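Summary of the model geometry
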Amino acid sequence: MQRRFSDLKHKTFDLLVVGGGIYGAWTAYDAALRGFSTTLIDKGDWAGATSSASTKLIHGGLRYLAQGRFGLVRKSLVERQRLMRLCPHRVEALRFGIPVYRGDRLTSWRLRLGLRVYDLLGNIIGSEGRHERLGAEAFARRFPWVRATDLDSGWTYGDAQTDDARFVLELVDGSLAAGAVAVNYCEAIAYEERHGRAMGVIAKDRVTGEQTPVRARCIVNATGAWVKDMPGSSSKACRLCKGVHLILPRLPGKDALLFVSETDGRVVFFVPWYGFTLLGTTDTDYVGNPADVVVEQEDIDYLLRAANHVLGSVQWCEDDILGGFAGLRVLKGGDESAPSALSREWMLEELNNGVLISVGGKFTSARQGAAAIVDRVCRKLGTRRSCMTGDLAFPWAPGQDYSGWLQDKMALGRCLGLVEEEVRWLSFRHGKRIDEIFSLIERDGALRARTLPDLPFVAADLFHCARGEMIVHLDDLLRRRLPLLLLHRFSLDEMEAIAADIAPILGWDKARQRLEIGRCLADYPKFRKLA
């Protein structure tokens, strides 16, 4: 993956996609596979905003059943099953538990009904994926860290999880392999119009400051929370809602937990992620610049209070927080309803100048939305080309039975001196590209060492990402290519050492290294200041 701003010049594309989150990446990938000359640009990094601030789930959204949104749940569950088949390295099965306490908002009979419907909508066949009821003792044994007082029973059911930033990156790389041009840190600063129709944009390279016209027969705006700023967009009536997640220590077991907050009835998750626990999310209205969204004290207080109500002997405090992040959802509806009650449905608008606007939606079902966008592009261009993403394996998916492939990689990793946990995360993050990292270790055995002693990420992984994954800034590498900024409390010495290690690859002098470290510091939540 190489960043070449010059590839945008002196040509007219069939399709220009502005916004490199999940919807923009899927749209560019789909269009390139259909043979359209396609370019994808983003003023920041790939998945630099909402698409790297999710709960890391590929799921149907069990809570939407209570709102009667069966179509949304069915669509997402179909996509969940599809993604587990097409990218087994990227999307892993995850079992959830739901505790039921005496006097809870969630009663056992309502959960039984909801989970039956959930399994039916997802066409879950066989005992492995279906829901199951457990008595209080059995549930407490499976989730020993959950409060046992007043526990009546519990349920388990199946869903899946991913690394959202890596997911988007793989689609961007697939777009490049299919012939698209993709440039991050490239901002569309204005439309170019002729007779009231958009013919392209003026693009600015945010690295060099250079500007160039980028011309296209069709333009799609998939900028997420920034879409409200587009002139002429009726999406101004949509609402921005903030979701916050915290990273906390590991809990025993491998299952996730869903529970209902006692204060406002919102669904909250404990999700195992890279050996730690992801706690989230909040859902509050947001007004202001999307670039300024941060984790605030009230978000921390809400999540810790909700978690500690369900936790048993372990009680978390602010000092336990390892990291955190905030993202924005774009939701339809400008009424006074609570954010949690608003629709997560996706919609497509067309402005008077012909620009297509992607609004809202869910990470899990973004492929379907992108296919609809490219179908609309086909009609605008007067052609018919079938979508290929519905049955095509992901760009980095191993070309054989995943279970057997993974066992082979585990054996090879052991021969290279890696432990099982390290190989597992390498396969999850890189799929078949794990061979490139193994080759680095074969050439230089020192690269098998961990980048940080408390995390299962090896130096070869860091160097591979720095060399070939379109890194512009240090936080691209340490936040989205690897989740180090989320999972580790850095000392200043540790961050300086990493910056120095990758500086020769990226051509950074000492001054640039200091600048990049300062950038990372500026983006840290207040509980994550460097020592």
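Look up: the structure comes first, before these words.
Keep in mind the model is a prediction, meaning the values are calculated, not measured.

Regarding its fold elements, the chain presents 15 helices and 18 strands. Taking 531 residues into account, the globule formula puts the C-alpha radius of gyration at 24 Å, and the chain, at 23 Å, falls close to it. Over its C-alpha atoms, taken along the principal directions, the chain stretches across nearly 70 × 55 × 45 Å. Partitioning the intrachain contacts of the chain with sequence separation of at least 6 by distance along the chain shows that 73% fall at a separation of at least 24. Accessible area of the chain: about 21100 Å², with a carbon and sulfur share of 50%. Side chains of the chain give 72 positive and 66 negative charges; the mean places of these two sets differ by 5 Å.

The amide bond that connects G280 to the next residue, T281, takes the cis arrangement and shows omega of 15°. Locating T281 in the fold gives a position in the loop between β14 (276-280) and β15 (284-285). Positive phi, normally seen in glycine, also occurs at H10, with a value near 60°. Within the secondary structure layout, H10 lies in the segment before β1 (12-18). The class of H10 is exposed, set by a relative accessible area of 81%. In this model, H195 sits at a positive phi of 55°, which is unusual for a non-glycine residue.

Before going further, it helps to spend a moment on a positive patch on the surface. Together, R112, R116, R130 and R133 make up a positively charged patch on the protein surface. Considering the arrangement of structural elements, one finds R133 in strand β5 (residues 132-135). Overall, the relative accessible area of 41% leaves R133 in the partly exposed class.

Another point: the nonpolar core. Counting residues in hydrophobic clusters, the biggest one holds 75 residues, and the most contacted among them are L478 and L484. Considering every element that reaches this core, the biggest residue donor is helix α11 (residues 459-468), with six residues. The residues touching L484, leaving out its near neighbours within four places in the chain, are T451, L452, L455, F457, L462, L478, F490 and I498. Judged by nonpolar contacts, the second largest core, of 55 residues, contains V181, C186, L311 and V355.

All chains considered together, the criterion is met by 20 aromatic pairs. Ring centres 5.8 Å apart and planes at 75° place the aromatic pair F96 and F269 in the edge-to-face group. Taken together, the residues span a long stretch of sequence, with F96 in strand β4 (residues 92-101) and F269 in strand β13 (residues 267-273) at a distance of 173 residues. An identical accessibility class is assigned to F96 and F269; each is buried. Measuring from centroid to centroid gives 5.1 Å for F167 and F363, while their planes differ by 75°, and the two rings are edge-to-face. You can see F167 sitting in helix α5 (residues 164-177) and its partner F363 sitting in the loop between β18 (356-360) and α7 (366-381), a full 196 residues away along the chain. Of the residues examined, F167 reaches a relative accessible area of 0% and is grouped as buried. Feature note: the residues F139, F143, W145, F259, F270 and W316 constitute an aromatic cluster, connected by ring pairs. Here R147 stacks its cationic end above the ring of Y101, 4.1 Å away from the centre of that ring. Across from the ring centre of F36, 4.2 Å away, lies the NZ or CZ of R385, which sits over that ring.

Now for helix α8 (residues 402-415). If you check α8, its first and last C-alpha atoms are 20 Å apart, about what 14 residues at 1.5 Å a residue would give, namely 20 Å. Those residues of α8 that sit buried are Y402, W405, L406, K409, M410 and G413. Along α8, the residues classed as buried sweep out an arc of 140° about the axis, all on the same side. Opposite the buried face of α8, at more than 90 degrees from it, the exposed residues are Q407, R414 and C415. Considering only its buried residues, α8 is in contact with α9 (420-430) and α10 (434-443). Positioned one or two residues after α8, G417 has a phi angle of 90°, which is positive.

This part takes up the environment of N289. With respect to the secondary-structure elements, N289 resides in the loop between β15 and α6 (297-310). Sequence separation of N289 and E262 is 27 residues, and the distance between their C-alpha atoms is 31 Å. A distance of 2.9 Å separates a polar atom in the side chain of N289 from the backbone nitrogen of A291.

The residue A138 is located in helix α4 (residues 136-142) in this model. Given a relative accessible area of 25%, A138 falls into the partly exposed group. For the pair formed by A138 and R166, sequence separation is 28 residues and the distance between their alpha carbons is 36 Å.

Attention now moves to the packing of α10 against α11. Put simply, α10 and α11 touch, their axes get as near as 9 Å, and they point 115° apart. As for how α10 packs across α11, the hand of that crossing is right-handed. Every residue of α11 that contacts α10 at E436, I437, L440 and I441 is listed here: A460, D461, H464 and R467. In the contact of α10 with α11, the residues fall into four nonpolar, one polar and three charged.

Evaluation of the coordinates by the stated rule reveals zero disulfides. The cysteine C186 is free of any disulfide, with C218 supplying the nearest cysteine sulfur at 19 Å. With no disulfide partner, C387 has as its closest neighbouring cysteine sulfur the one in C378, 9.5 Å distant. Its relative accessible area of 29% is what places C387 among the partly exposed residues.

Reading guide: rules and limits
Residues numbered from 1 in each chain as written. Predicted model: local features only at pLDDT ≥ 70, side-chain atom pairs only at ≥ 80, totals over all residues. Heavy atoms only, no water. Helix = DSSP H or I, 4+ residues; strand = E, 2+ residues; numbered from the N terminus. Rg over C-alpha atoms; globule rule 2.2 N^0.38 Å. Contact = heavy atoms within 4.5 Å. Areas by Shrake-Rupley, 256 points an atom, 1.4 Å probe, with all protein chains shown as cover. Lys, Arg positive; Asp, Glu negative; His and termini not counted. Charge placed at Lys NZ, Arg CZ, Asp CG, Glu CD. Buried < 20%, exposed > 50% of the residue type's maximum accessible area, 1.4 Å probe, protein only. Patch = residues over 30% accessible without salt bridge, like charges linked within 9 Å, V, L, I, M, F, W, Y side chains within 5 Å. Salt bridge = Lys/Arg side-chain N within 4 Å of Asp/Glu carboxyl O. Core = buried A, V, L, I, M, F, W, Y, C linked by side-chain atoms within 4.5 Å. Phe/Tyr/Trp six-rings, centres within 6.5 Å; stacked < 30°, edge-to-face > 60°. Lys NZ or Arg CZ within 6 Å of the ring centre and 35° of its normal. Expected span 1.5 Å × (residues − 1). Arc of directions from axis to C-beta. Polar contact = N/O pair within 3.5 Å; in protein donor to acceptor, adjacent residues only side chain to side chain. Axes fitted to C-alpha atoms, helices over the stretch in contact; angles between N-to-C directions. Left-handed = near helix turned anticlockwise from the far one by under 90°. Nonpolar A, V, L, I, M, F, W, Y, C, P; charged D, E, K, R; others polar. Disulfide = S-S within 2.5 Å.

Any functional reading would require information beyond the geometric quantities listed.
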